[in-house]
There are 4 protein chains.
Amino acid sequence: MCRWLAYSGSPVLLEDLLYKPANSLVVQSRHSQLGVETVNGDGFGVGWYGAEDTPGLYHCTEPAWNDRNLKELSAHARAGRVFAHIRASTGTAVQQTNCHPFRHGRWLWMHNGAITDFPVLKRDLVLAVDPDLYPQIEGSTDSEVFFFLALSLGLREDPPAAVARAVGVVEEVGRSHGVALPMQMTVATTDGETTWAFRYSSEGRSRSLFHSTDVSTLRQQYPDNPVLHDLSDDARLVVSEPLGDLRGAWREVPESTCVVVREGNEELLPFGPA
Amino acid sequence: MCRWLAYSGSPVLLEDLLYKPANSLVVQSRHSQLGVETVNGDGFGVGWYGAEDTPGLYHCTEPAWNDRNLKELSAHARAGRVFAHIRASTGTAVQQTNCHPFRHGRWLWMHNGAITDFPVLKRDLVLAVDPDLYPQIEGSTDSEVFFFLALSLGLREDPPAAVARAVGVVEEVGRSHGVALPMQMTVATTDGETTWAFRYSSEGRSRSLFHSTDVSTLRQQYPDNPVLHDLSDDARLVVSEPLGDLRGAWREVPESTCVVVREGNEELLPFGPA
Amino acid sequence: MCRWLAYSGSPVLLEDLLYKPANSLVVQSRHSQLGVETVNGDGFGVGWYGAEDTPGLYHCTEPAWNDRNLKELSAHARAGRVFAHIRASTGTAVQQTNCHPFRHGRWLWMHNGAITDFPVLKRDLVLAVDPDLYPQIEGSTDSEVFFFLALSLGLREDPPAAVARAVGVVEEVGRSHGVALPMQMTVATTDGETTWAFRYSSEGRSRSLFHSTDVSTLRQQYPDNPVLHDLSDDARLVVSEPLGDLRGAWREVPESTCVVVREGNEELLPFGPA
Amino acid sequence: MCRWLAYSGSPVLLEDLLYKPANSLVVQSRHSQLGVETVNGDGFGVGWYGAEDTPGLYHCTEPAWNDRNLKELSAHARAGRVFAHIRASTGTAVQQTNCHPFRHGRWLWMHNGAITDFPVLKRDLVLAVDPDLYPQIEGSTDSEVFFFLALSLGLREDPPAAVARAVGVVEEVGRSHGVALPMQMTVATTDGETTWAFRYSSEGRSRSLFHSTDVSTLRQQYPDNPVLHDLSDDARLVVSEPLGDLRGAWREVPESTCVVVREGNEELLPFGPA
């Protein structure tokens, strides 16, 4: 299992997101509080939208807590959209091509969870990927195949519908192989403007997911908290677990829900397989 | 493109094979003489048959010339069957799961060359792999898919026939996608007893391949050469390029040929796609 | 801080030491029970005495739990003397030259603990190293400087006396810089025959250290335990923490003690700085 | 030996410097034309001055030609001062702490060449480093010790004088140990504003060094060359070897010379040990 965060708002230094919070993602890499595994040391990745068309990616197979280059990059790169992910492998190899977020054009994708019995289901799932997209699958994870399924099923046109269809395919393929509860997921995806985050599992007991609340309200409640003053009013975070214990700062995303974050507003939609 | 060696004979220290020859594989990693690329620095691998049932594997993504662990392992491991490979990537990621030799049970496989336009052909080739074997494909190279094709087509029963069939599939899939000359290869495979090496390409202009000649004859010709005294009479090497310039020590393997090395004898058979 | 084990006895597969015990060193790399840090993921190392004069070393900067090459090596290398160490860096870089065990000729050395305020003391400590040995210091850890101090002060002639002198130098240099309690250590060293292990700290509250008890007695107590049947009567382990919960199998080494393991016997000697 | 480039001018994407030129540094990492070694695959580093006070550093032990993260960073980071270096180790370990450029506060330093018999001279050279700076030496290279010597001898106040003194110390220590010609160097250092580059060797036969000529003149000569149009008039490069074969674009730096690049002007000063 893994931990991740998705930021949108005015440009911030990556280190403000990845290192400075009390329970930052780098802290979670060694001591996650809500994860299935306390240690998420099997590589990490960051995707950030700078001045260029395509987001930048930094993928590394070392634990995040050790990586000096991540610290350097984080101290120098600013971005208004940031995806970051720390990995706890469920068996597939620790290699850069298995690090999240995955990228396709302007799109990023990251996943916490697993497709149960993925080795058994993999061939059928891969066959459901658009043959034109298939050669671009680089790694060996369930998460990347899930991304390519969603891309094949319309992610770029209608993300919630495409993810619902992809989950539907996974559950159908699972059932056909006798895997009763194949999907466990929190997922985030973005085109660099809007962020869509999903919490779902076949068994209805999904991994934790939270979104931050309105920054301007928080600022009134905690006028002395310096972190809040650095954030723009439209800043929003969706995270696997809260980055600190400021009361009222985090709201749990309900089961079977899609969170849409756009221009400082979040909208919660019911989500289920199609 | 890549360089490789396949040794069979009485147990030797790996360093005698990998470091001591004048044009050793480690030297070739930086300055290959006959390779398409002079630098083969995109990872390497060694497979060796020790006392255990399954051969050991050491795969690393660094250049072989740098790797201290390879030097240590080579100074301490002895084996009577050794496969070693240095990689020059033709585009796929530099990661351990893309390092040769690949292993399946007691079998090892390594490849120099490429399947032309592999991204275009990959899906059809992967579909031709036995679905029960498919989940064991770990990396993203053409070489590993080729191995799994051969396994699917009977490698463990009749290696020359299975490789011929696998080449046949590749050429057929190639043609169906308009790739006229899809296969370029020298390949070695072994079950730990016999070694089979193949030189073939669709265009009939294959990468170089050599086998060593009879050690006892060489020893008579060069009574003062200490290297020859450490080798048993049944020692044989099949290599991408000679490990030194001892005249008479190396014989080029002809085009479209399979070399079978067993108990100190080599047999050359004509080889072509089935 | 770190965790380590030192084995002596009849040759065993490394995996019997590193992977098979319930609380093996590889398990401890992610979830140590008695360590200052639960995660020891900042590299690891193994030293083993095979057929060659000099022990082999395998050093890696990845977490031990991830390393496929360690698994392969462990499944194929047998040795009658094994040192293994998993690292939790106290600040110095994660690099192979900082991985324990350190080697000098036939000698190995590994350390759990730290020299307090090492950056402040380092220059004076390094100046106390024999100038002829000085150029062989490759890394940047306190542990390696400590090893070279001991080598400079007679490790190869009288290990307990040399380590006592080295601790004396560290404490003297510490005091001269106002560092009241500079040394925290469990240390093991061997020449491939005898193993010397030390538990000591300036404050008298040292990291945990245990040695295994007589195997033949254990075998009588637990006639059905298969692990015990694979070990020779003279097999002995000295470890940072027990590898399992077999009652009576482990005895804590007292504070300020040197354990000498030789030919299946252990001797406990009082230890203090000279 | 190594290859490097030092850029100053208006902010450019790092990829314009590192990837786009015909004989870019990434190309040189595999096929250097003027280097002592054609392959510079033992790690690399980039230092860049962005919006923050301290330059960013990216150090990696893999060959530059392989590194996907370098490609990503280069496609997203813009800087008006860039130091980049590819390494061919002369024996010291391939690890991040041995990658150039080295950093101290706002200062960067990189070196091509070697201090002859460095293991013999190292202790005396290290003793000449300011004890307050000594603990900040992290790696094991001659180049980093040279940097700390220069820092100890006034680099931040008067770079040419400090480097002259540091070379003087190296040559004096060398002579005292019977090393006749201890210094071989091209070096670049910067405070983020001015760049100082040095070409010198004890034997008077130094590694190659070039600086670019006036961009506005070049633009007149080659009105159709698009690369020149992206560069500001004050853009200047100092390089180990030309990045392309545009006639008139590169001027060799004479032996025993210091080049000072400031605000689009270069000044050449005689240089020798003090």
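Each value, and the rule that gives it
- Residues numbered from 1 in each chain as written.
- Chains lettered and ligands numbered in written order.
- Predicted model: local features only at pLDDT ≥ 70, side-chain atom pairs only at ≥ 80, totals over all residues.
- Heavy atoms only, no water.
- Helix = DSSP H or I, 4+ residues; strand = E, 2+ residues; numbered from the N terminus.
- Buried < 20%, exposed > 50% of the residue type's maximum accessible area, 1.4 Å probe, protein only.
- Contact = heavy atoms within 4.5 Å.
- Areas by Shrake-Rupley, 256 points an atom, 1.4 Å probe, with all protein chains shown as cover.
- Lys, Arg positive; Asp, Glu negative; His and termini not counted.
- Charge placed at Lys NZ, Arg CZ, Asp CG, Glu CD.
- Least-squares fit on C-alpha atoms with pLDDT ≥ 70 in both.
- 1 Å grid on protein atoms, 1.4 Å probe; cavity = no way out; pocket = protein on both sides within 12 Å on 5 of 7 lines; lining within 4 Å.
- Points joined across faces, edges and corners; volume = space filled by probe spheres on them.
- Nonpolar A, V, L, I, M, F, W, Y, C, P; charged D, E, K, R; others polar.
- Buried area = accessible area lost by both parts, 1.4 Å probe.
- Salt bridge = Lys/Arg side-chain N within 4 Å of Asp/Glu carboxyl O.
- Polar contact = N/O pair within 3.5 Å; in protein donor to acceptor, adjacent residues only side chain to side chain.
- Core = buried A, V, L, I, M, F, W, Y, C linked by side-chain atoms within 4.5 Å.
- Phe/Tyr/Trp six-rings, centres within 6.5 Å; stacked < 30°, edge-to-face > 60°.
- Lys NZ or Arg CZ within 6 Å of the ring centre and 35° of its normal.
- UniProt positions renumbered as here; feature names shortened; annotations may be inferred.
- Pairing = 2+ DSSP bridges.
- Axes fitted to C-alpha atoms, helices over the stretch in contact; angles between N-to-C directions.
- Parallel < 35°, antiparallel > 145°, perpendicular 65-115°, else oblique.
- Left-handed = near helix turned anticlockwise from the far one by under 90°.
- pLDDT = per-residue confidence, 0-100.

Draft legend 1. Representation of the overall build of chain A within the structure. For chain A, the helix and strand inventory stands at eight helices and 13 strands. Seen along its three principal axes, the alpha-carbon backbone of chain A occupies a region of about 55 × 40 × 35 Å. Looking at the 274 residues of chain A, the share that counts as buried comes to 62%. Residue pairs at least 24 apart in sequence account for 67% of intrachain contacts in chain A once pairs closer than 6 positions are excluded. Carbon and sulfur atoms form 48% of the exposed surface of chain A, whose accessible area is close to 9,900 Å². Side chains of chain A carry 23 positive and 35 negative charges; the gap between the two charge centres is 3 Å.

Draft legend 2. Representation of the relation of the copies chain A and chain C within the structure. If you rotate chain A by 180° and push it 0.0 Å along the axis, it lands on chain C with an RMSD of 0.0 Å. With respect to symmetry, the two chain copies, as superposed, fit the operation of a two-fold axis. In terms of C-alpha distance to the rotation axis, chain A has glutamate 62 of chain A as its closest residue, with the C-alpha 3.2 Å off the axis.

Draft legend 3. Spotlight on the layout of surface pockets. Of the voids in this model, the second largest pocket is the one considered here, and its volume is about 840 Å³. Around the second largest pocket sit 39 residues that line it, and Arg68 of chain A, Gly91 of chain C together with Thr97, Gln136 and Glu138 of chain D are the ones nearest its centre. Listed by contribution, the elements that provide at least two residues to the lining of the second largest pocket are α3 (68–76) of chain A, β6 (107–115) and α4 (118–127) of chain C together with β3 (56–60), β5 (102–104) and α5 (142–152) of chain D. No other element matches α3 of chain A, which puts five residues into the lining of the second largest pocket. Here the residues of the lining of the second largest pocket sort into 17 nonpolar, twelve polar and ten charged.

Draft legend 4. Up close: the interface of chain D and chain A. At the junction of the two partners, chain D supplies 21 residues and chain A supplies 21 residues. In total, chain D and chain A occlude about 1,700 Å² of area from one another, counting both sides; carbon and sulfur atoms represent 39% of this. Area buried by chain D at its contact with chain A is led by Glu52, Asn69 and His76 of chain D, which between them contribute 34% of it. Applying the counting rule to chain D against chain A returns six salt bridges. Two residues, glutamate 52 of chain A and arginine 78 of chain D, come together in a salt bridge whose shortest N-O distance is 3.9 Å. Inspection of the region where chain D meets chain A yields twelve residue pairs in polar contact (both at pLDDT 80 or more). Those elements that provide at least two residues to the side of chain D that touches chain A are β3 and α3 (68–76) of chain D. Ranked by the residues each element gives to the side of chain D that touches chain A, the list is headed by α3 of chain D, at six residues.

Draft legend 5. Representation of α4 of chain C within the structure. Regarding α4 of chain C, the residues found buried are Phe118, Leu121, Lys122, Arg123, Leu125 and Val126 of chain C. On the buried face of α4 of chain C, the contacting elements are β6, α5 (142–152) and α6 (159–176) of chain C together with α4 (118–127) of chain D.

Draft legend 6. Structural context of the nonpolar core. Counting 118 residues, the largest nonpolar core has Leu18 of chain B, Leu18 of chain C together with Leu18 of chain D as its most contacted members. In this view, leucine 18 of chain B contacts Leu5, Ser24, Leu25, Val26, Val46, Leu70, Ser74 and Ala84 of chain B; residues no more than four positions away in its chain are not counted.

Draft legend 7. Quick look at the packing of aromatic side chains. For the structure on display, the rule yields 30 aromatic pairs over all chains. Within the aromatic cluster, the residues linked to one another by ring pairs are Phe44 and Tyr58 of chain A together with Phe44 and Tyr58 of chain D. Here the guanidinium or amino end of lysine 71 of chain A rests over the ring plane of tyrosine 19 of chain A, the centre of that ring lying 4.3 Å away.

Draft legend 8. Molecular detail of the interface of chain A and chain C. Between chain A and chain C, the contact holds 14 residues from the first and 14 residues from the second. Summed over both partners, the interface of chain A with chain C buries about 1,100 Å², with 48% contributed by carbon and sulfur atoms. It is Arg30, Val39 and Asn66 of chain A that lose the most area in chain A upon contact with chain C, and together they represent 33% of the buried surface on that side. Among the residues forming the side of chain A that touches chain C, the class breakdown is five nonpolar, five polar and four charged.

Draft legend 9. Just the pattern of salt bridges, in detail. Inspection of every chain in the model, using the stated rule, returns 40 salt bridges over all chains. One salt bridge connects lysine 20 of chain D with aspartate 16 of chain D, and the closest N-O pair in it is separated by 3.1 Å. Given the relative accessible area of 56%, lysine 20 of chain D is considered exposed. Through salt bridges with shared partners, a single network forms among Glu15, Asp16 and Lys20 of chain A.

Draft legend 10. A look at the environment of glutamine 33 of chain D. Relative to the elements of secondary structure, glutamine 33 of chain D occurs in the loop between α2 (25–31) and β2 (44–48). What glutamine 33 of chain D contacts, discounting residues up to four positions off in sequence, is Asn23 and Glu241 of chain D.

Draft legend 11. A look at unusual backbone geometry. Cis peptide bonds are those with omega within 30 degrees of zero, and the linkage from histidine 100 of chain A to proline 101 of chain A qualifies with -10°. Along the chain, proline 101 of chain A falls in the loop between β4 (78–87) and β5 (102–104). Of note, serine 256 of chain B is a non-glycine position whose phi angle comes to about 55°, a positive value. Here serine 256 of chain B lies in the loop between β11 (250–252) and β12 (257–262).

Draft legend 12. Representation of the side chain of threonine 195 of chain C. All names here are of chain C. Within the fold, threonine 195 resides in strand β8 (residues 195–201). We classify threonine 195 as buried; its relative accessible area is 3%. Those residues in contact with threonine 195 that sit more than four places away from it in its chain are Ala6, Phe83, Thr189, Thr190, Val259, Val260 and Val261.

Draft legend 13. Examining the UniProt feature "domain: Glutamine amidotransferase type-2" (unreviewed entry) in chain A more closely. Cross-referencing UniProt, the feature "domain: Glutamine amidotransferase type-2" (unreviewed entry) maps to residues 2–274 of chain A in the present numbering. In residues 2–274 of chain A, helix accounts for 26% and strand for 30%; the two terminal C-alpha atoms are 25 Å from one another.

Draft legend 14. Layout of the relation of the copies chain D and chain A. Turning chain D through 180° and shifting it by 0.0 Å along the axis lays it on chain A, with an RMSD of 0.0 Å. Here 100% of the contact residues of chain D are again contact residues in chain A; the copies associate through an equivalent surface.

Draft legend 15. Spatial organisation of the sheet that holds strand β2 (residues 44–48) of chain B. All names here are of chain B. Strands sit in the order β3-β2-β4-β1-β10-β9-β11 across an open sheet of seven strands; the sheet is antiparallel. In the strand order of this sheet, the two ends are held by β3 (56–60) and β11, each with one partner. On average, each strand axis in the sheet is inclined to that of its neighbour by 15°, with strand direction left out of account. Both strand β9 (residues 210–212) and strand β10 (residues 236–239) contribute to a ladder of two bridges, which runs antiparallel. Within the sheet, the bridge partner assigned to histidine 211 lies in β10 and is valine 238.

Draft legend 16. Quick look at the packing of α5 of chain D against helix α6 (residues 159–176) of chain D. All names here are of chain D. Packing of α5 against α6 brings their axes to within 8 Å, and their N-to-C directions diverge by 120°. Relative to α6, the element α5 lies oblique. Relative to α6, α5 is oriented so that their crossing is right-handed. Where α5 abuts α6, its residues Phe146, Leu149 and Ala150 lie against Ala162, Val163, Ala166, Val167, Val169 and Val170.

Draft legend 17. Summary view of the confidence of the model for chain A. This prediction gives chain A a mean pLDDT of 94; 100% of its residues lie at or above 70. ipTM for the predicted complex: 0.94, alongside a pTM of 0.95.

Draft legend 18. Spatial organisation of the sheet that holds strand β9 (residues 210–212) of chain A. Within the open sheet, the seven strands sit side by side as β3-β2-β4-β1-β10-β9-β11 (chain A). Their pairing is antiparallel. The open sheet has two edge strands with one neighbour each: β3 (56–60) and β11 (250–252) of chain A. Direction aside, the axes of adjacent strands within the sheet are offset by 15° on average. In this structure, β9 of chain A lies alongside β11 of chain A, joined through three bridges in antiparallel fashion. Counterpart to histidine 211 of chain A in the pairing with β11 of chain A is arginine 251 of chain A. Of the strands in this sheet, β2 (44–48) and β3 of chain A touch α3 of chain D, which is tilted by about 155° from β3 of chain A.

Draft legend 19. View of the pairing of strand β13 (residues 265–270) of chain A. For strand β12 (residues 257–262) of chain A and β13 of chain A, the ladder comprises six bridges, and the chain directions are antiparallel. Residue pairing across strands places arginine 262 of chain A opposite asparagine 265 of chain A, the latter belonging to β13 of chain A.

Draft legend 20. Structural context of the packing of α4 of chain D against α6 of chain D. All names here are of chain D. As a packed pair, α4 and α6 sit with axes 10 Å apart at the nearest point and diverge in direction by 130°. One element, α4, and the other, α6, form an angle in the oblique class. Here α4 runs over α6; the crossing is right-handed. Mapping the contact onto sequence places Leu121, Asp124 and Leu125 in α4 and Val169, Val170, Val173 and Gly174 in α6. Across the contact of α4 with α6, the residue classes break down as five nonpolar, one polar and one charged.

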